[in-house]
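The lines below spell out each chain.
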Amino acid sequence: MTAQTGVSHLSLFLIAALPFLGAVFPALLIRAGRNAAASAAGLTTFLALMGLLIHIPSVMRGEVVTARFDWIPGLGLNANFMLDGLGFLFALLILGIGLLIVLYARFYLSREDPMGQFYTYLLLFQGAMVGIVLSDNILLLLIFWELTSLSSFLLIGYWRHLPEGRQGARMALAVTGSGGLAMIAGMLILGNIVGSYDLSVILQNKELIQASPYYLPALILILLGCFTKSAQFPFHFWLPHAMAAPTPVSAYLHSATMVKAGLFLMARMWPVLAGTDAWFYIVATTGLITMLLGAVIALFKDDLKALLAFSTVSHLGLVTMLLGFGTKIAAVAAIFHIINHATFKAALFMTAGIVDHETGTRDVKRLGGLRHLMPITFIIGTIAALSMAGLPPLNGFLSKEMMLEETVHTTWLNSHYLVPGLALLAALFSAAYSFRFVSHVFLGPERDDYPAHPHDPPVGLWLAPAFLVVLVVLIGLYSAAIVGPLVAVVSSAVIGGEKLPYYSLKLWHGFTPALYMSAVATLGGLFLLSLHKRGDQIWNVLPRPEAKVIFEAVIDALTRLSRWITDELHNGVISRYAIILIAFTVGIGYYAFATGTIGLETRVPLPAQIIPIIGWICLVAATLAIMWFHRNRLLSLVLIGVVGLIVSMAFNYLSAPDLALTQISVEVVTMILLLLSLNFLPTETPWDSSAARRWRDAAISVVAGVGSGALIYALMMRDFAFPTISEFHLANSYKGGGGTNVVNVILVDFRGFDTFGEIIVLGIAALIIFALTEAVLSTNVRGYLLNRKPHWPQSGDSHPLMMVVATRVMMPIALMVGAYIFFRGHNQPGGGFIAGLIVAIAYLMQYMASGYTWAIERQRFYYHGTIGWGVLIAAATGLGAWFNERPFLTSDFGYIHWPPLEEFEWATAILFDTGVFLAVLGAVMLALDSLSRFAWQPGMAQEFPMDINPLRDNPPEDENEKEQA
Amino acid sequence: MEALVASAVGVMTAAGIFLILRRRTFPVILGLSLITYAVNVFLFATGRLALDAPAVLNKYEDVPYTDPLPQALVLTAIVISFGMTAVIVMIALSAYLSSKDDHIDMSASDSVDAPGEDA
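Residues numbered from 1 in each chain as written. Chains lettered and ligands numbered in written order. Predicted model: local features only at pLDDT ≥ 70, side-chain atom pairs only at ≥ 80, totals over all residues. Heavy atoms only, no water.

1. Quick notes on the overall build of chain A
Short version of the rule: Each helix is a run of DSSP H or I of at least 4 residues and each strand a run of E of at least 2, with the numbering of both proceeding from the N terminus. The globule rule used for comparison is 2.2 Å times the number of residues to the exponent 0.38, while the radius of gyration itself is calculated over C-alpha atoms. Any residue under 20% of the maximum accessible area for its type is buried, any over 50% is exposed, and the rest in between are partly exposed; the area is computed with a 1.4 Å probe on protein chains only.
Check the secondary structure of chain A and you find 42 helices and six strands. Against the compact-globule benchmark of 30 Å for 965 residues, chain A has a radius of gyration of 38 Å, which places it well outside the compact range. In terms of principal-axis extent, the alpha carbons of chain A reach across some 110 × 80 × 75 Å. Every one of the 965 residues in chain A was classed for burial, and the buried ones make up 53%.

Here it is in structure tokens:
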């Protein structure tokens, strides 16, 4: 962390991190009951909210609180957070409404719903949202942005037994996710223009960005992300389908938070992106269309939540349009409406949820007359709906007035009337559906066919919406006092710290055009509602595009296309993939050869002596023989052993003793492995390629072989073009690593991190083998294996005495060799890898000579554990360096002198090498042990190989009794 | 000497590629083993060849050393390739035991999968 530290800065991290940390608790605590899970979620949210609120003084002074942490500076990705007015407002909405939703959901969800999961998802979402609004780095912001898409997918699909829920979740993910991808591109362009991914830097560079030729592409891509997230036309269709989510989710995501993320980003980017014609025409027009379209559709929706969903679409359009105007005063109005909309819309969603919960239906046509049955709900719902309609003295009225006032000052392609006219129409429909919400649900005659008997819910359900409605009224009445300072601070953050324009938040502005428009909208809305029955009939016969059908058709077409491509390219013929890969590699190699320049030979070749020539002849003959005789599998296995042996000898001859030791011991275990597996596979490969195909394959192989041979020959005959880093290793091996065997020092010290990764990979490979064995042996394969007849006649004596005796005598010697190789490793050829292999071979000899059952009975430890300990010891050695304030895996060493012994060396690297040793030993043994289990057949357990074990033949009496007891 | 190593690499590569183009599991495994040898020797040889110059430091006199870095890389490569060979062998074995068929190519009837629609 950089210089800015201290409690207040740290708390920004905590605000963003708390929901993520807290997300664990509901999932864990659900066993302790639903109240425990809900309290954990609530407490987490409350703490984060408190963390936010302690910043009120500095935010209200207009300061920007920042916290910086360099994450991946090379990529420009820094975990920088900042808190200004805009971020504060959104964080307040997210955490404040989040707290109310936690309370509401506790009473809303039924006993059958997995509540722990719900709160976990909710907190993940909350954390992602808070992350978006507090990020000061656009790459970080993008990460959180994608996280909201993912976590909202989980929340929308929470009722996974409902097909609508799953489809809605998928649609929301597809739309917002693809918008997010577009936005990543846009943000990267933006970052490229400015040369920094930090928002605070980007926001200072308005001229640079707007002058860039990449301004328009960046703008369009970023707006795509915003519009998809905020359900703007033509991407509005996902929002109503996402209403299949439980109502708390709808109230939270789809009114107060997630859909506002797009607005947030537009507001955030407003100082640098707004003010151009492109911005105005794209953003304002989209917002206007969305506002009108959403309002019209909302009027004809019978599902309460669908009505609210489209009304949300409409209001989001309103805010988008205001931001699109690009004037400062419009931005103020936008901010004010965001606050107001969040309060009344969340209350309305919760009201709809209560109605649904209590009456069993959300269908407006089946409701009505609830005002006496559910008086509290009626009051809450009515106030919120009237605010949405824009009636004084509620808060919706104030911001709607401001909006109408702004439209009057806006010209669209020289037309003075287009924008105000359409905005008025939208306001009129908006009033109409708000009135419909009240009158068709609560007013009218009481009915006797409600699916359930309705009554007011317990206080837990109505407390949260009631609180919001109180805010609705208070903000309406005392706007300047309650939210005035907040609006001022937020607005100045949006417009980039410039001087705020004059505006006043009050109910009475005099007889302005906006007032007349409001009156027209209200009266028109009432009139429209009175015609609703006729209108509904007309609406239902009108043909209109069904977004869901179109969406599914597009998705279907894309699925078919990708399936076709996949099936054509990836048709399961592996030999074809191999041919393509090899032909391509050869082609690329040829291109490089043909176009590159090759320097002169600078090295003198080493003389070829007679022994290496003999070895070469053996190797080439064996290799060609494998090719020729590969149908005889046992023979080719023997031949491949010859190849491996000569390769090991070549390593030794060419000054690589470590490689030679490793190769030869790996050779032994590989051969055992392949022989074991051949036991179960056919012994012959039948002819199944045509002659033409074989010739083609042979031609490709020869070309590839000649190419690789020529390449390495060319390499070997020339000196290095650049100085190598090997000199460093040779020079520092003894001084820095304390060992004279440079290869080993590289493995355990210089490149210890690689080695650490490699032993993990090896361990994983062994565990895969174990898991495969378990899986296969639990199927009917086991029966087949038990009744299998061997390929070849078996030896009469499966455990020949000579071999049993020889291997047991050799066991301690072999272990001693292993220990010797291990300890000399740092200074002489050897080390953990080789020692692990040697000890593994020592054990395998026992398996082979005395049988699997015999060996297993004497095994005192599990190979899984050996691998695990190996990795852990290596990791612990690496971590040890931290305690000495050195980087991971820095080794230390020193010398000990105990007379009369010669001075010897200690090094922490030997501990690391112990880890390598154990991991290699465990992995090799686990792999072969798994394979051996295939061979186990009944009756094997009775064959005791030359065993002198008095316990078995003559069990002591008392032990026998113990077993019986 | 260089010519011997280079031609050996070439022969092993060619044979390995020929074998991995076969259609049964076992030849493919053998082919991969041969390619592993070829690649390991190739990587090793990028350090250039040297006789009697192991990279073990000599405290007492100044002697030439071969390049230790490719050796360290190849050493782990040998061990890892053992792990990978073992995994492939197990996959081949399990596939053969489960279906009594050791073709590596999917037959046409296998590739027709039921469309994974949910509703």
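2. Comments concerning the packing of helix 7 (residues 138–156) of chain A against helix 8 (residues 163–194) of chain A
Here is the rule we go by: Angular values range over 0 to 180 degrees, each being the angle between N-to-C directions of two axes fitted as lines to C-alpha atoms, with helices fitted over their stretch in contact. For classification, angles of less than 35 degrees are called roughly parallel, those exceeding 145 degrees roughly antiparallel, those between 65 and 115 degrees roughly perpendicular, and all remaining angles oblique.
Between helix 7 of chain A and helix 8 of chain A, the shortest axis-to-axis distance is 8 Å and the interhelical angle comes to 175 degrees. By the criterion of interaxial angle, the relationship of helix 7 of chain A to helix 8 of chain A is roughly antiparallel.

3. Quick notes on the interface of chain A and chain B
Rules: Here, two residues are considered to be in contact whenever any of their heavy atoms come within 4.5 Å of each other. Summed over both partners, the accessible area (1.4 Å probe) lost when two parts come together is defined as the buried area. Between Lys or Arg on one side and Asp or Glu on the other, a salt bridge is scored when a side-chain nitrogen of the former is within 4 Å of a carboxyl oxygen of the latter. Polar contacts here mean pairs of N or O atoms no more than 3.5 Å apart (in protein, one a potential hydrogen donor and the other a potential acceptor; neighbouring residues in sequence count only if both atoms are side-chain atoms). Gly is put with the polar residues, along with every residue not named as nonpolar or charged; the nonpolar set is Ala, Val, Leu, Ile, Met, Phe, Trp, Tyr, Cys and Pro, and the charged set is Asp, Glu, Lys and Arg.
With 115 residues of chain A at the interface, the matching set in chain B holds 86 residues. Taken over both partners, the interface formed by chain A and chain B buries close to 9,200 Å², and the fraction arising from carbon and sulfur atoms is 75%. Counting the contacts that link chain A with chain B gives two salt bridges. As a salt-bridge pair, R22 of chain B and D697 of chain A come within 2.3 Å of each other at their nearest N and O atoms. Put simply, chain A and chain B have 20 residue pairs in polar contact (both at pLDDT 80 or more) between them. Per-element tally for the side of chain A that touches chain B: the top contributor is helix 31 (residues 691–716) of chain A, with 15 residues. Class assignment of the residues belonging to the side of chain A that touches chain B gives a composition of 72 nonpolar, 28 polar and 15 charged.

4. Let's talk about the packing of helix 13 (residues 247–256) of chain A against helix 14 (residues 258–273) of chain A
All names here are of chain A. The interhelical angle for the contact between helix 13 and helix 14, taken along N-to-C directions, is 15 degrees, at an axis separation of 4 Å. By the angle class used here, helix 13 and helix 14 are roughly parallel. Residues Y252, L253, H254, S255 and A256 of helix 13 form the contact with helix 14, whose participating residues are M258, V259 and K260. For the contact of helix 13 with helix 14, the class distribution of residues is five nonpolar, two polar and one charged.

5. Quick word on the UniProt feature "transmembrane region" (unreviewed entry) in chain B
The cut-off we apply is this: UniProt positions are given in the numbering used here, feature names are shortened, and annotations may be inferred rather than shown by experiment.
Within this numbering scheme, the UniProt entry marks residues 6–21, 28–51 and 71–97 of chain B as carrying the feature "transmembrane region" (unreviewed entry). Here residues 6–21 of chain B is 94% helix and 0% strand, with 23 Å between the C-alpha atoms at its ends.

6. Digging into a nonpolar patch on the surface
Let me state the cut-off plainly: What goes into a patch is any residue over 30% in relative accessible area without a salt bridge, connected to like charges within 9 Å or, for nonpolar side chains (Val, Leu, Ile, Met, Phe, Trp, Tyr), within 5 Å. In this description, accessible areas are obtained by the Shrake-Rupley approach with a 1.4 Å probe, and a residue is regarded as covered only by the protein chains that are shown.
On the surface, I550, V554, I555, L558, L561, W564, I565 and L569 of chain A cluster together into a nonpolar patch covering about 780 Å² of accessible area. Assessed through its relative accessible area of 46%, I550 of chain A is described here as partly exposed.

7. Re helix 11 (residues 215–229) of chain A
All names here are of chain A. Convention followed: Multiplying one less than the number of residues by 1.5 Å gives the expected span of a helix.
Helix length check: helix 11 (15 residues) gives 21 Å between terminal C-alpha atoms against 21 Å at 1.5 Å per residue, within 8%. Along helix 11, the residues that are buried comprise Y215, A218, L219, I222, L223, G225, C226, F227, T228 and K229. One or two steps after helix 11, the chain reaches A231, where phi turns positive at roughly 55 degrees.

8. A few points about the confidence of the model for chain B
Residues and elements named next belong to chain B. Basically, it comes down to this: Per-residue confidence from the prediction method is given by pLDDT, with values spanning 0 to 100.
Looking at chain B as a whole, the pLDDT averages 85, with 89% of positions reaching at least 70. Looking at the elements of chain B, mean pLDDT is at its lowest for helix 4 (residues 108–111), recorded as 55, and at its highest for helix 1 (residues 2–20), recorded as 94. Low pLDDT, under 50, characterises residues 111–119; the predicted model gives this stretch nine contacts beyond four residues in sequence or across chains.

9. Focus on the pattern of salt bridges
Residue and element names in this part refer to chain A. Tallied over the full model, the rule gives 16 salt bridges over all chains. A salt bridge links R436 to D302, with the shortest nitrogen-to-oxygen separation between them at 2.7 Å. Note that R436 is positioned in helix 20 (residues 418–441) and D302 in the loop between helix 15 (277–299) and helix 16 (304–325), a separation of 134 residues in sequence. Relative accessible area serves as the criterion here: at 2%, R436 is assigned to the buried category. Here D697 makes a salt bridge to R696, at a shortest N to O gap of 3.2 Å. By relative accessible area, D697 is classed as buried at 0%. Assessed through its relative accessible area of 41%, R696 is described here as partly exposed. Residues joined in a network through salt bridges with shared partners are D302, K365, R436 and D536.

10. Comments concerning the UniProt feature "domain: NADH:quinone oxidoreductase/Mrp antiporter transmembrane" (unreviewed entry) in chain A
Here, UniProt's "domain: NADH:quinone oxidoreductase/Mrp antiporter transmembrane" (unreviewed entry) annotation points to residues 135–415 of chain A. The span residues 135–415 of chain A is 75% helix and 0% strand, and its two end C-alpha atoms sit 40 Å from each other.

11. Structural notes on the nonpolar core
Note the threshold: Put simply, buried Ala, Val, Leu, Ile, Met, Phe, Trp, Tyr and Cys residues joined by side-chain atoms within 4.5 Å make one nonpolar core. Residue ranges for the domains trace back to a domain assignment, done automatically or taken from a database.
Y119, M187, W238, L273 and W279 of chain A are the most contacted members of the largest nonpolar core, which totals 196 residues. A domain split of this core shows at least three residues from each of domain 1 (1–175 + 240–261) and domain 2 (276–530) of chain A. In this view, Y119 of chain A contacts P26, A37, A38, A41, V102, A105 and R106 of chain A; residues no more than four positions away in its chain are not counted. Counting 119 residues, the second largest nonpolar core, distinct from the first, contains V669, V743 and F756 of chain A together with L93 of chain B.

12. Focus: the confidence of the model for chain A
Taken residue by residue, chain A gives an average pLDDT of 85. The fraction at 70 or more is 96%. Per-residue pLDDT stays below 50 along residues 1–7 of chain A; that stretch engages in eight contacts with residues further than four places along the chain or on separate chains.

13. Quick look at the environment of L239 of chain A
Residues and elements named next belong to chain A. In this fold, L239 is placed in helix 12 (residues 238–241). The sequence separation of L239 and A907 amounts to 668 residues, and the corresponding C-alpha distance is 63 Å. L239 has contacts with A231, H254, V259, A309, T312 and V313, leaving out every residue within four places of it along the chain.

14. Some details on unusual backbone geometry
Residues and elements named next belong to chain A. Backbone torsion omega between F233 and P234 reads 0 degrees, so that peptide bond is classified as cis. You can see P234 is positioned in the loop between helix 11 and helix 12. That bond from P392 to P393 is cis: its omega, 5 degrees, falls within 30 degrees of zero. Residue position: P393 is located in the loop between helix 18 (375–389) and helix 19 (395–408). Of note, the phi angle at A231 is positive, near 55 degrees, even though the residue is not glycine. Along the chain, A231 turns up in the loop between helix 11 and helix 12. By relative accessible area, which is 0% here, A231 ends up buried.

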